[in-house]
Amino acid sequence: MDNVRPADWRNPVPAQRYDLVVIGAGTTGLVAARSAAANGAKVALIERRLLGGTCLNIGCVPSKAIIRTSRVYAEMHHADQYGALVPPRIPVDFARAMRRVRDIRARISRSDSAQRLMAAGVDVFFGQAAFAGVDSLTVKGATLRFRRAVIATGARPDLPSIPGLAEAGFLTNESAFEVSEAPRRLLVIGGGPLGCEMAQAFCRFGVQTTIVQKRPLFLPREERDAAQILSDAFARDGIEVRLNTRVVNVRAEGGKKIVDLVSDDYESTVTVDAILAGTGRVPNVDGLALEAAGIDYDPRHGVRVDDFLRTSNRRVYAAGDACLAHKFNDTADASARIVVQNALFHGRRRLSALTIPWCTYTDPEIAHVGLYVRQARERQIPVETFTIPMHEVDRAIADDEEVGFVKITVKERTDRILGATIVARHAGEMISEITLAIVARIGLRTLAHVIHPYPTQAEAIKKAADACVRAGATSRAQRLASAPLRWMRG
Ligand SMILES: Cc1cc2nc3c(=O)[nH]c(=O)nc-3n(C[C@H](O)[C@H](O)[C@H](O)COP(=O)(O)OP(=O)(O)OC[C@H]3O[C@@H](n4cnc5c(N)ncnc54)[C@H](O)[C@@H]3O)c2cc1C
C-alpha cells in the first residue's frame, strides 16, 4: 500500500494547465503518463483506488502467481512418473500460497509507486475524477485544466443477475485474491479466460471445483479444437465440467450455497461453499460526468473512439479496457502509446494497425494471434493451415507436455501468415515468434530457415514452417510435371 496508495499522501497543488491529464492509473494510465512525461509533457495522473489498477492488484499478476503455485501442486501429484517418491496426499498451505501472491504484488508495485511517478515528473492525484467541462476535470475539490486528457478508467466485473446470488454472496476477481482459506467446494460461473484459469488453479489446490459455462465449449472465441483440448484437460484435473448449462437460482443454507442449474432440458442442484463469478467485464464509464465534456459512450462497450482513439471531444482520448473490445494488458499498453503519439505529437497511429496476440494461462495454455480460420472464411480469403501436434515435438515428449498443437494459417498458395493458434504448456511464450513474423511481414517459409535450439517446444513452429515449404515444393513440382501434359493437349 505504501507504493500504490500511501496513507499520508497529499495531492499536489495543480499546475495552471496540464498538457495531459490521465484518468485511471492502471496499465493504460501508467504507460500514458510515464511516456508523456518522459517526452517533456506536463502530466497529471488521477487514481481513485490503487496505482497499478486491475493488472497489478486484482488481475494478471495475482492470477498468474496463483497459477504458478497450482502448477507446482499438480506436478507434485504426478511426480512419481518422473521417478520421485511422493506421499499419496500432499497437504496444501493455502494461506501461505496467498501470502506469496501478496508478496509478488508488493514487489512488482515498486515500479508503479506514487513516489517514482512523482520523481518521473507526473503529478499524482488520488480521488474520483469527473469532467467539469470540455477542458477541465475535478478531483477532491481541485480543478485540473488540460490541453489533452485520456480516459483510462478500465473495466470491472460484469455481475450476473441470478436470483439469490447477491444474497448468498459470491467472489469476483476483486475479492478472490484476498481469501486466505480455500473453500472445500467451489462453483465457477463462466467459461471465459478468467473462469477457466481460476477453476483450474483452485482445483489443483485440492478444491472440489465445478465450472458452469452456458455455451457448448469453453473460450468461445477460440478454435473448436483448442477449446476441446481444454475441456479434456479440465476433466483430467478432476474439475466437474458443466457445458450448455445456466445457473438459474442460488440460496444460502447453513453456510452453504445451494445452486440450481439447467443443462439443456435437464435440471440439477449442486452444493458449494463458495461461488466465483467470471462472467465478463464492463467498462468504467459511470461517475465521470462524460456528458459535461461532450463525450459519447455506451455503458456496455465503453467510451466511443475512432481508429486514432479520439473521443467525440477533440481534446479527449480513451485507451485500454475503458473503450476497447480486446481487454488485455498488452493492448492497454499499446493503445496508451498510440494515444500519447496522437494526442501530443501530431501522430496518426491507428488502433487497427496493431497485431494483438493473447493467451489464456490454463494448462495447456491457449494463445492466438491474427485471424481465426473461420474469420478468414467469412472474409472469403482462401487459406491453408499447417498443424503440428505437440506429441511430434521431442522436447514436449521429454517434458511430458505433449497435449496441444501449433496451427498456423497462411493465405492459400502463399506463405503469408494470417493467424496462428498455439495450444501448449508454454503457448504464451511461443506465440510471440508468430506475432513478430506477422508484424515484420516475414513469410512462414522464412521461419523454416531460422535455426531453433534443439530441443525446444518452439520447434513445433519450425516444423509447421517446414510443412509449408514442402507444400510449396509439391505444388511447384506438380505444376512442372503437368506442364508437358498441358503442352501436349495444346
Ligand atoms: C483476473 C484477471 C486476469 C487477467 N489476466 C490477464 C493476463 O494474463 N494477460 C493480459 O494481457 N490481461 C489480463 N487481464 C486483463 C488486464 O488486467 C486488463 O486488460 C488491463 O489491466 C487493463 O488496463 P487499464 O489500465 O485499461 O484498466 P485498469 O487496470 O482497470 O485501470 C483503470 C484504473 O482507473 C481507475 N478509475 C476508474 N474510474 C476512475 C475515476 N473516475 N477516477 C479515477 N480513477 C478511476 C480504476 O480504479 C483503475 O485503477 C486480466 C484481467 C483480470 C480481471
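In this report, we go over the structure that sits alongside the text. This structure is a prediction, so every number in the text was calculated from the model and none was measured. (Residues numbered from 1 in each chain as written. Predicted model: local features only at pLDDT ≥ 70, side-chain atom pairs only at ≥ 80, totals over all residues. Heavy atoms only, no water.)

With respect to helix α1 (residues 27–38)
Phase 1: A rise of 1.5 Å per residue sets the reference length of α1, with its 12 residues, at 16 Å; its end C-alpha atoms lie 16 Å apart and thus fit the reference within 8%.
Phase 2: Where burial is concerned, most of α1 is hidden: 10 out of the 12 residues are buried.
Phase 3: For α1, the complete set of buried residues consists of T27, T28, G29, L30, V31, A32, A33, S35, A36 and A37.
Phase 4: Positive phi shows up at G40, right after α1, with a value of about 95°. (Helix = DSSP H or I, 4+ residues; strand = E, 2+ residues; numbered from the N terminus. Expected span 1.5 Å × (residues − 1). Buried < 20%, exposed > 50% of the residue type's maximum accessible area, 1.4 Å probe, protein only.)

Focus on the nonpolar core
Phase 1: Counting 57 residues, the largest nonpolar core has V22, V43, F131 and I151 as its most contacted members.
Phase 2: Element by element, the count of residues in this core is highest for α1, at 6 residues.
Phase 3: In contact with V22, other than residues within four places in its own chain, are G29, A32, A33, V43, A44, L45, I46, V150 and A152. (Core = buried A, V, L, I, M, F, W, Y, C linked by side-chain atoms within 4.5 Å. Contact = heavy atoms within 4.5 Å.)

Regarding the packing of helix α7 (residues 193–204) against helix α8 (residues 224–237)
For any two helices packed against each other, the geometry is given by the interaxial angle and the distance between the axes.
Phase 1: At a minimum axis separation of 10 Å, α7 and α8 run at an interaxial angle of 20°. With respect to α8, the axis of α7 lies roughly parallel. When the axes of α7 and α8 are compared, the crossing they make is left-handed. Along its contact with α7, which presents C196, Q200, C203 and R204, the element α8 presents L230, F234 and D237.
Phase 2: Within the contact of α7 with α8, the residues separate by chemical class into 4 nonpolar, 1 polar and 2 charged. (Axes fitted to C-alpha atoms, helices over the stretch in contact; angles between N-to-C directions. Parallel < 35°, antiparallel > 145°, perpendicular 65-115°, else oblique. Left-handed = near helix turned anticlockwise from the far one by under 90°. Nonpolar A, V, L, I, M, F, W, Y, C, P; charged D, E, K, R; others polar.)

Regarding the site of the ligand
Phase 1: Around the ligand sit 38 residues in total, of which T28, E47, T54, K64 and N329 are the nearest.
Phase 2: Contacts to the ligand include Q128, whose side-chain N or O atom sits 3.1 Å from a nitrogen atom.
Phase 3: Here K327 contributes a backbone N or O atom positioned 3.4 Å from an oxygen atom of the ligand.
Phase 4: Going through the elements one at a time, α1, β2 (43–47), α2 (53–58), α3 (60–77) and α9 (329–344) are the ones with two or more residues in the shell around the ligand.
Phase 5: Ranked by residue count, the leading element in the shell around the ligand is α2, at 4 residues. (Near = heavy atom within 4 Å. Polar contact = N/O pair within 3.5 Å; in protein donor to acceptor, adjacent residues only side chain to side chain.)

Quick look at the state of the cysteines
Among covalent bonds in proteins, the disulfide is the one between the sulfur atoms of two cysteines.
Phase 1: For the structure on display, the rule yields 0 disulfides.
Phase 2: Its sulfur unpaired, C196 is 12 Å from the next cysteine sulfur, which belongs to C359.
Phase 3: The exposure class assigned to C196 is buried, which follows from its relative accessible area of 0%. (Disulfide = S-S within 2.5 Å.)

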